[in-house]
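Survey of secondary and tertiary structure
The residues making up each chain are set out below.
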Amino acid sequence: MAATRPPSNRELLESTNSSSSSCSHSSLSSQSPRADTELGLNHKMVSNLKRSTKMLEDFDRPGYFKDYYKNVRKTVSNDQLNEFAKLTTDEEKFRYVFNLPAVHDIDLKLFFKGKSEKEALEKKEEGNKSFGKKKNVEALTYYSQAVIKAPVPTGKYWKLIKECADPRKMTLYAICLANRSAALFHLKDFYHCVKDIDEALEHHYPKELKFKLFKRKGRILVTMRQHESARDAFRQALKYLDWAKMERERRLEHQTEIQRWLKMYESGKVEDNAMTEIKLLPDVPSLTGGQNEQFPSLSSKTEVKYEKGQGRFVVAAENLQIGDVICTEEPCASVLLLEQYGTHCQRCFSLTKAQIPCKKCSGVVFCSSECRSKSYFHEVECPILDLLHGSGMSINCFLAFRMLTKHPLAFFMGLREQLQDNLPETTVNNKEVYDPTDFLRIYNLVRHSQDRTPEDFFHRTVMTVFLIKALKKTKYFEGEGSHAGDKLTEAEQFVGGLLLRFLQIIQFNAHEVSEFQLQGPRTLECAKNESLGAAIYPTLALFNHSCHSAMIRYFSGTRVITRAVRPISKGTLIPENYGPSFSTKPTSDRKAQLADRYWFDCACQPCKDNWPMFRDMDNSKLNLKCHKCAAQMAVPADTLTPFVKCDKCGDQTNILATLKNLQNTEQTFKAACKEMEAFNLEKATSLLMENLRQLDTALYPPYKDYHLTQEALMRCLLHQGNLRVMGDQESSRLSKK
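As a starting point, this report considers the structure included with it. Because the structure is predicted, anything quoted here is derived from the model rather than measured.

**Concerning the pairing of strand S15 (residues 632-636)**
Judged by which residues are buried, S15 turns out to be one-sided: Met633 and Val635 face inward and are buried, whereas Gln632, Ala634 and Pro636, on the alternate face, are not. With 5 bridges joining them, strand S14 (residues 621-625) and S15 adopt antiparallel strand pairing. Counted as the bridge partner of lysine 621 is proline 636 from S15. In sequence, S14 turns back onto S15 through a hairpin of 6 residues, with alanine 630 there showing a positive phi of about 65°.

**Thoughts on the pattern of salt bridges**
This structure, assessed with the given rule, holds 32 salt bridges. Of the charged contacts, one joins lysine 353 and aspartate 189 as a salt bridge, the two residues approaching to 3.2 Å between their closest N and O atoms. Within this pair, whereas lysine 353 is found in the loop between strand S7 (333-336) and strand S8 (356-357), its partner aspartate 189 is found in the loop between helix H9 (167-186) and helix H10 (190-201), the two being separated by 164 residues in sequence. You can call lysine 353 buried: its relative accessible area is 9%. A relative accessible area of 5% means that aspartate 189 is categorised as buried. Among the charged side chains, a network of salt bridges with common partners joins Glu228, Arg231, Asp232 and Arg235.

**Let's talk about the side chain of glutamate 381**
Locating glutamate 381 in the fold gives a position in helix H15 (residues 376-381). Side-chain polar atoms of glutamate 381 contact the side chain of arginine 402, separated by 2.8 Å. Apart from the residues within four sequence positions on either side, glutamate 381 is in contact with Phe401, Arg402 and Thr405.

**Quick notes on helix H7 (residues 136-149)**
In this model, H7 (14 residues) spans 20 Å end to end at C-alpha, consistent with the 20 Å of a helix rising 1.5 Å per residue. For H7, the set of buried residues is Asn136, Ala139, Leu140, Tyr143, Ser144, Ala146, Val147 and Ile148.

**Structural notes on the packing of aromatic side chains**
Taken as a whole, this structure holds 24 aromatic pairs when the rule is applied. Both rings, one in phenylalanine 582 and one in tryptophan 611, keep their centres 4.9 Å apart while their planes meet at 80°; by these two values the pair is edge-to-face. With phenylalanine 582 in the loop between strand S13 (559-564) and helix H23 (587-598) and tryptophan 611 in the loop between helix H24 (605-608) and S14, this pair connects stretches of sequence that are 29 residues apart. Owing to a relative accessible area of 2%, phenylalanine 582 belongs among the buried residues under this scheme. Residue tryptophan 611 is classed as buried on the basis of its relative accessible area, which comes to 6%. Joined through ring pairs, the aromatic side chains of Phe411, Phe412, Phe439, Tyr443 and Phe502 make up one cluster. Directly above the aromatic system of tyrosine 443 lies the positively charged group of arginine 501, at a separation of 3.6 Å from the ring centroid. Above the face of the tyrosine 700 ring, lysine 625 is positioned so that its terminal group lies 4.7 Å from the ring centre.

**Section: the nonpolar core**
If you look at the biggest cluster of nonpolar residues, it comprises 103 residues, and the most contacted ones within it are Phe458, Phe502 and Ile536. The biggest single contributor to this core is helix H21 (residues 454-471), with 10 residues. Counting residues in each nonpolar core, the second largest holds 46 residues, with Ile322, Leu695, Tyr703 and Val725 among its members.

**Brief notes about the packing of helix H6 (residues 117-132) against H7**
H7 packs onto H6 with a crossing angle of 165° between their chain directions and a minimal axis gap of 8 Å. Between H6 and H7, the interaxial angle falls into the category roughly antiparallel. Classified by chirality, the crossing of H7 by H6 is left-handed. On the side of H6, the interface is formed by Glu117, Glu119, Ala120, Lys123, Lys124, Glu126, Gly127, Asn128, Ser130 and Phe131, while H7 contributes Asn136, Glu138, Ala139, Tyr142, Tyr143, Gln145, Ala146 and Lys149. Of the residues belonging to the contact of H6 with H7, the class tally is 6 nonpolar, 5 polar and 7 charged.

Conventions and cut-offs
Residues numbered from 1 in each chain as written. Predicted model: local features only at pLDDT ≥ 70, side-chain atom pairs only at ≥ 80, totals over all residues. Heavy atoms only, no water. Buried < 20%, exposed > 50% of the residue type's maximum accessible area, 1.4 Å probe, protein only. Helix = DSSP H or I, 4+ residues; strand = E, 2+ residues; numbered from the N terminus. Pairing = 2+ DSSP bridges. Salt bridge = Lys/Arg side-chain N within 4 Å of Asp/Glu carboxyl O. Polar contact = N/O pair within 3.5 Å; in protein donor to acceptor, adjacent residues only side chain to side chain. Contact = heavy atoms within 4.5 Å. Expected span 1.5 Å × (residues − 1). Phe/Tyr/Trp six-rings, centres within 6.5 Å; stacked < 30°, edge-to-face > 60°. Lys NZ or Arg CZ within 6 Å of the ring centre and 35° of its normal. Core = buried A, V, L, I, M, F, W, Y, C linked by side-chain atoms within 4.5 Å. Axes fitted to C-alpha atoms, helices over the stretch in contact; angles between N-to-C directions. Parallel < 35°, antiparallel > 145°, perpendicular 65-115°, else oblique. Left-handed = near helix turned anticlockwise from the far one by under 90°. Nonpolar A, V, L, I, M, F, W, Y, C, P; charged D, E, K, R; others polar.

Listed below in structure tokens is the structure:
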């Protein structure tokens, strides 16, 4: 979208930490007849629904960056700021500010949450006590804490441990994993149990104890009908039994038991059955109508257009129905909120049950060793992560930084000659495939640099300098002759310019990633949508805003899924919502908020027609549809006139049939409420979609019953995405397919 005014001179910290509006909360009042009558839907189930917003709100976190910036800014004269404002490229701006003496008046010291053998041993012993009392859930928690704190024998640290010749340090991590696998075994979480066994065996588990792990693994694989793999595990158990330190009689008992298992397999052909798929993340539905040929993250029923003043936007190429899947897309970068570090995977955002730690720090967790090995960004950020958090920088600054650290320096240097500004209309007009994995798509997202004030630019540039100074303390620039202190290499100047660009892009294009939290199993009462972090999606960023969104967003890990929550006619804009919704905020507040955050004057229908908030709606007037031309006809709800003349086409519409249809929606909604209360969400979803279709054929919003139904449908759809049952130990959403 295009900026319609220059940015305001907001508080300097806020201008750099530009974020979304406050998260939207739908407060559907119990004045609605559907909430007050016998329909059976608890009002709380559809109130206070926090939608996933365009961008996370940036809280004013405590930290030292604010004072650092103030100290730099007060040393810069008006003449210097004017000189800075005349610079035309991001790289020039970055170099200019980096050369100011004041930006180097800061001593960036590394703060590092390292491993602790002492803490790991303490937690392991607590786990052993709980396990001995058969408190397996409690033992699992202690063992996980021990796993996170235990030194991991790897790299230079492993060499140091070997030189110390301390067997306890060499095997502590593996022993903690093995102990946790025992708790998982008794909890019948065989998937994570096998994962822990494999991780322990790969990290120097004591040879004299290995037979126990192979035996446990074999028993699990038998249960999972992985017969060939089970046979191999039992063979390994028998092999390592020779190293076990135990009495001869006890050894013979183990040997007899293992041989009994092997005998089952040695007599004939052994094959593994098809592995039961374990779903760590929710299913991702197929795009309705298949992929769009030019925009593969979009449904074929959509198309992208461009208009001056509107930018790129998505419209319906065909009629879209309620529930249609419009967009599914992986992010090009994502960042987990600090508050979720101990419970969710840094890479995929899945809720973890048996956390796998970073091999160097104890500040983050992963859902698996696979996710850990694919997280190059953390290898870069690990030694400076606490330094960055201590600065008070926002989630959006972290996201811009993650866009950089997700790739090694060589990736960007290899693209340097290809980086150029492309007009947004060329994406639409030249018909080339819009590949969301192509970095150039992110590089050319809107950033409105031409409308930024010198103050805004200067603040973002100081943040860029701070981040590059922190990055120079890592090995990111290794091999490029990185200069210490206040000197820059050519590569560092180039990367600084990129990062400044990313900080601008994030302001207008980032989205919140969320999970749906149930307060108990099999109930939507008091359920809420909670933020997990932020991400940037190249295709999702093309959708324009309306204060009456046409779709809902939910997530499978970090992958976004959008579905229609109202019918969308061919050729009509498919809007999303950037935060403020007409149902919860008055028009003046919404317009001011959007102008301040996104720099456009909202002209959506709720803003143009000044729709009432939900609490102010009443059903005394109906905006019925003409049966011939579908024009809007305002009719008092208590009218006794059976026919109403359309002002547009002049035809008479028999509204008795329409009113009868509205009465039928009451019965459909009542049935949907009962299904929701019984937690039959698939049936409830179907009924709510049918209810919305009935309402849509009869009238136009705003109408209380319409929006109440829409909110209930959104709750059912959110349940299909990231899900957490609070207080439920099985809330990691493992299921078998």
